[in-house]
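Breakdown of the fold
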Amino acid sequence: MNIVEQLKHSGMIAQVSSEDELLRHLEDGCRSIYCGFDPTADSLHIGNLVPLLALKKFQIAGHKPILLMGGATGIIGDPSGRDSERELQSPDAVEKQMKSIRLQASAFLDFDCGQNSALIVNNLDWISGINVIDYLRDIGKHFSVNAMMQKESVRRRIVNESQGISYTEFSYMILQSYDFLVLNKKHECTIQIGGSDQWGNITAGIDLIRKAQGGSAFAITYPLITRADGTKLGKSTGGSIWLDKKKTPPFAFYQYWLNVSDEEALRYLALFTLLKKDEILKLSKEHQRNPGKRIAQKMLAAEVTTLVHGRDELRQAERITSALFESRIEALREKDLEQLSLDGLQKSFLGEDRSLISALVSAGLAQTPKGEVTIGQARKLIQGKSISVNGKKITDIEARLESSNALYGKYFLVQKGKKTHCLFVG
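To start, this report covers the structure provided alongside it. Predicted, not measured: the structure shown is a model, and the values here were computed from it. (Residues numbered from 1 in each chain as written. Predicted model: local features only at pLDDT ≥ 70, side-chain atom pairs only at ≥ 80, totals over all residues. Heavy atoms only, no water.)

1. Here's the deal with the overall build of the protein
- Secondary structure summary: the protein contains 20 helices and 13 strands in total.
- Dimensions of the protein along its principal axes, counting C-alpha atoms only, are 85 × 50 × 35 Å.
- A total of about 20,700 Å² of accessible surface is found on the protein, and carbon and sulfur atoms cover 48% of it.
- Side-chain charges of the protein comprise 55 positive and 50 negative groups, with the mean position of each set lying 5 Å from the other. (Helix = DSSP H or I, 4+ residues; strand = E, 2+ residues; numbered from the N terminus. Areas by Shrake-Rupley, 256 points an atom, 1.4 Å probe, with all protein chains shown as cover. Lys, Arg positive; Asp, Glu negative; His and termini not counted. Charge placed at Lys NZ, Arg CZ, Asp CG, Glu CD.)

2. Here's the deal with the sheet that holds strand S13 (residues 420-425)
- A sheet is described by the order of its strands in space; here 5 strands give the open sequence S9-S13-S12-S10-S11, paired in mixed fashion. Edge positions in the open sheet fall to strand S9 (347-349) and strand S11 (392-393), since each of these has one partner strand only.
- With 2 bridges joining them, strand S10 (residues 387-389) and S11 adopt antiparallel strand pairing. In the strand pairing of S11, Val 389 is matched with Lys 392. (Pairing = 2+ DSSP bridges.)

3. As for the packing of aromatic side chains
- Summed over all chains, the structure comprises 6 aromatic pairs.
- Between Trp 257 and Tyr 268, the aromatic rings sit 6.0 Å apart at their centres with planes inclined by 85°, giving edge-to-face as the arrangement. Of the two residues, Trp 257 is situated in helix H13 (residues 250-258) and Tyr 268 in helix H14 (residues 262-272); the sequence distance between them amounts to 11 residues. With respect to class, Trp 257 is no different from Tyr 268; both count as buried.
- Between the aromatic rings of Tyr 268 and Phe 272, the centroid separation amounts to 5.5 Å while the plane-to-plane angle is 85°, which identifies the pairing as edge-to-face. A residue pair is termed a helical-turn pair when its members lie 3 or 4 positions apart in one helix, as Tyr 268 and Phe 272 do in helix H14 at 4 residues. Comparing Tyr 268 with Phe 272 shows no difference in burial state: the two are buried.
- Here the aromatic cluster, defined as three or more aromatic residues joined through ring pairs, consists of Phe 253, Tyr 256, Trp 257, Tyr 268 and Phe 272.
- When the ring centre of Trp 242 is taken as origin, the NZ or CZ atom of Lys 247, which lies over that ring, is 4.7 Å away. (Phe/Tyr/Trp six-rings, centres within 6.5 Å; stacked < 30°, edge-to-face > 60°. Buried < 20%, exposed > 50% of the residue type's maximum accessible area, 1.4 Å probe, protein only. Lys NZ or Arg CZ within 6 Å of the ring centre and 35° of its normal.)

4. Concerning the environment of Ala 105
- Among the secondary structure elements, Ala 105 is positioned in helix H5 (residues 91-106).
- Expressed as a C-alpha distance, the spacing of Ala 105 and Lys 211, which sit 106 residues apart in the sequence, is 32 Å.
- For Ala 105, the contacting residues outside a window of four places in its chain are Leu 44, Leu 52 and Leu 67. (Contact = heavy atoms within 4.5 Å.)

5. Quick look at the nonpolar core
- With 61 residues, the main nonpolar core has Ile 46, Leu 49, Trp 257, Tyr 268 and Phe 272 as its most contacted residues.
- Broken down by element, the residue count for this core peaks at 7 residues, all from helix H3 (residues 49-60).
- In this view, Leu 49 contacts Phe 108, Leu 243, Trp 257, Phe 272, Val 304 and Val 308; residues no more than four positions away in its chain are not counted.
- Tyr 34, Ile 66, Leu 181 and Leu 208 belong to the second largest nonpolar core, which has 29 residues in total. (Core = buried A, V, L, I, M, F, W, Y, C linked by side-chain atoms within 4.5 Å.)

Below you can see the structure in the form of structure tokens.
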């Protein structure tokens, strides 16, 4: 398959401009393709993996990826996909966030492989030097306000009388188009990729290249990636799933992928890994023969965690998962327990009363069907063999969490039923 067919098979393509011409263009040699990332936060999230892996796949196919950091456009704010004005960020905040994102994104690309080595650029380098007269005369003259108002990102805001759109965000399309023109001149970049909500901005850049210097360029967009229930990918009850391990620790990251549905897992294997088509088809058949083994989810979680955090973090996530859900507590290392205390697992600190009943009550684990937390319910859980401490069933209502029985002298991993865990420290 050519690279466009590969991306289609992976579910990474929503729209393509002049596809036949683009295919011929790609066959003629190494081409430069870029995607822009505005620093709207201090970390990328898992939705950003789609363009990063698309750039990676283009590089594997022999083309040159350009990763554009929006040092200037991040200050302006992109109206695409927004129903209201973005809060403006200071240049210092944008610069700080850009450093983190640049480091994360660069890990996916090869910067030392000859002709198609990846390149990182910052649009502040050329936009900051433009004066108002040059902006209006040399760039603005190529844009029809009528045409700009028909673009989806602008039109949806104009029809919303309560919000509208400021000139600041209205001008974003011009700046993004100018980025494409600059990269076309400096680096012979002829292809831009972006989310489906960027189609209007990307095609405006194609028009600018044609009008300003008579050149041709192409657009590729990827669809909005959602979960089976229609919610935006990367959103969980705790918020976004980030690539920064400080914001979403590797174990929590691994668990996110491990717990997607069968339908999602098979779709995401194509979207979020570098596995080949025949490998995914083989996995799909194995998974469908025995869905209970969750083969697809395990492979997905392993592949994506390795891509983002590396094999050492994957091994730790797998070890913790095995310990929690396969009762292999003895396999946990001290650093695993330290990690669990940071990973969103419920955690409580032991006080002077070290009775198990007191611990269950204080952590809210002894909840009745009516939602009340009681000592009586704690007794029932223990007597009903529903409580394990450090992998051992506890049936003694007088049991205590003493340091002499703790893991590494201070940890007690308490399990209620099959899925509820709480880490007590003290």
